[in-house]
Amino acid sequence: MTTGAPTSPYTARRRRSRLRRYLPLGLAAWLVLEIWLLTLVAGAAGGLSVFLLLVAGVVAGSVVIKRAGRRAFRSLNEALQQGGSPARGGGNGLMMLGGLLLMIPGLVSDAAGLLLLLPPVQKAVSRFTENALERGLRKAAPGSLGDAFQQVRIHRPDGKVVQGEVIREDRPEPGEQRPPLTR
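All of these numbers come straight from a predicted model, not from anything done at the bench. (Residues numbered from 1 in each chain as written. Predicted model: local features only at pLDDT ≥ 70, side-chain atom pairs only at ≥ 80, totals over all residues. Heavy atoms only, no water.)

Structural notes on the overall build of the protein chain
Secondary structure summary: the protein chain contains 6 helices and 2 strands in total. Taken from the N to the C terminus, the helices and strands of the protein chain come in the order α-α-α-α-α-α-β-β. Put simply, of all contacts in the protein chain between residues at least 6 apart along the chain, 51% involve residues at least 24 apart. (Helix = DSSP H or I, 4+ residues; strand = E, 2+ residues; numbered from the N terminus. Contact = heavy atoms within 4.5 Å.)

Observations concerning the packing of helix 3 (residues 92-103) against helix 4 (residues 107-116)
Taken N-terminus to C-terminus, the directions of helix 3 and helix 4 make an angle of 160°; their axes are 7 Å apart at the nearest point. The angle between the axes of helix 3 and helix 4 places the two elements in the roughly antiparallel class. Considering the relative orientation of helix 3 and helix 4, their crossing is left-handed. Along its contact with helix 3, which presents Leu94, Leu97, Gly98, Leu101 and Leu102, the element helix 4 presents Ser109, Asp110, Ala112, Gly113, Leu114 and Leu116. (Axes fitted to C-alpha atoms, helices over the stretch in contact; angles between N-to-C directions. Parallel < 35°, antiparallel > 145°, perpendicular 65-115°, else oblique. Left-handed = near helix turned anticlockwise from the far one by under 90°.)

Looking at the side chain of Ser109
Residue position: Ser109 is located in helix 4. Polar contacts involving the side chain of Ser109 include one to the main-chain carbonyl oxygen of Leu101, which spans 3.4 Å. Leaving out residues up to four positions away in the same chain, Ser109 has contacts with Trp30, Glu34, Leu101, Leu102 and Ile104. (Polar contact = N/O pair within 3.5 Å; in protein donor to acceptor, adjacent residues only side chain to side chain.)

Things to note about the confidence of the model for the protein chain
On average, residues of the protein chain score 78 in pLDDT, and 67% of them reach the 70 mark or higher. Mean pLDDT in the protein chain bottoms out at helix 6 (residues 145-150), which sits at 50, and peaks at helix 4, which reaches 93. (pLDDT = per-residue confidence, 0-100.)

As for a nonpolar patch on the surface
A contiguous nonpolar patch, built from Leu19, Leu23, Leu27, Trp30, Leu31 and Ile35 and spanning about 590 Å² of accessible area, is present on the exposed surface. Looking at the element boundaries, Leu31 is found in helix 1 (residues 18-45). (Patch = residues over 30% accessible without salt bridge, like charges linked within 9 Å, V, L, I, M, F, W, Y side chains within 5 Å. Areas by Shrake-Rupley, 256 points an atom, 1.4 Å probe, with all protein chains shown as cover. Salt bridge = Lys/Arg side-chain N within 4 Å of Asp/Glu carboxyl O.)

Focus on helix 4
Looking only at helix 4, the buried set comprises Ser109, Asp110, Gly113 and Leu116. Seen from one end, helix 4 has its buried residues packed into an arc of 125°, which puts them on one side. Packing partners of the buried residues in helix 4 comprise helix 1, helix 3 and helix 5 (119-139). (Buried < 20%, exposed > 50% of the residue type's maximum accessible area, 1.4 Å probe, protein only. Arc of directions from axis to C-beta.)

Some words on the packing of helix 1 against helix 2 (residues 47-82)
In helix packing, the relevant descriptors are the interaxial angle and the interaxial distance, both defined with respect to the helix axes. Contact geometry for helix 1 and helix 2: axes closest at 7 Å, N-to-C directions at 130°. Considered as vectors, helix 1 and helix 2 are oriented oblique to each other. Note on element contacts: helix 2 touches helix 1 through Gly47, Ser49, Val50 and Leu54, opposite Leu38, Val41, Ala42 and Ala45. Taken together, the residues of the contact of helix 1 with helix 2 sort by class into 6 nonpolar, 2 polar and no charged. (Nonpolar A, V, L, I, M, F, W, Y, C, P; charged D, E, K, R; others polar.)

Section: a positive patch on the surface
A contiguous patch of positive charge, built from Arg15, Arg16, Arg18, Arg20 and Arg21, is present on the exposed surface. When you line up the elements, Arg18 lands in helix 1. Residue Arg18 is classed as exposed on the basis of its relative accessible area, which comes to 70%. (Lys, Arg positive; Asp, Glu negative; His and termini not counted. Charge placed at Lys NZ, Arg CZ, Asp CG, Glu CD.)

A short note on the environment of Asp110
Mapped onto the elements, Asp110 comes out in helix 4. Excluding residues that lie within four positions of it along the chain, Asp110 makes contacts with Leu101, Leu102 and Ile104.

Focus on helix 1
Helix length check: helix 1 (28 residues) gives 39 Å between terminal C-alpha atoms against 40 Å at 1.5 Å per residue, within 8%. Pro24 marks where helix 1 bends most, by close to 25°. Directly after helix 1, the chain includes Gly46, whose backbone phi takes a positive value near 110°. (Expected span 1.5 Å × (residues − 1). Bend = angle between axes of the 7 residues up to and from the residue.)

If you want it as structure tokens, here you go:
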């Protein structure tokens, strides 16, 4: 279907980031490695021992997640009672990630989850992610985060991009009745 508007013969495609390009390949390689290691261990130690190992990983991961969640809730509650803001993560997020990796079936994910439970590894990972996030924010265009969500790009048929904002005002019509918000 044509709109009658002239289109440019060259439509520039945005390059995919490295993460979007290699993430599916990395996930597939990780999955193959996990299955290969599980079959290797099952051949050496038996299927029942591998099953028990996987169940133990799920149980240990759920205990770690529950404990980290309680600790995070306790620190949040204490900070709110004292009238201040909660302290920086305290490693609870990384502990929860470690517990989640323990719950995922596989030996590589279990090893990564156990590593994330060690405090020196948590400090190193948190320092690395803070630095990476800081670098990314420095590279970002100026403006607030709210502005980034409000901006919209409209692609016209001729390939031009029109910047704009979407402003939505929900006002009921004069004769329109809305149901009550509480039941």
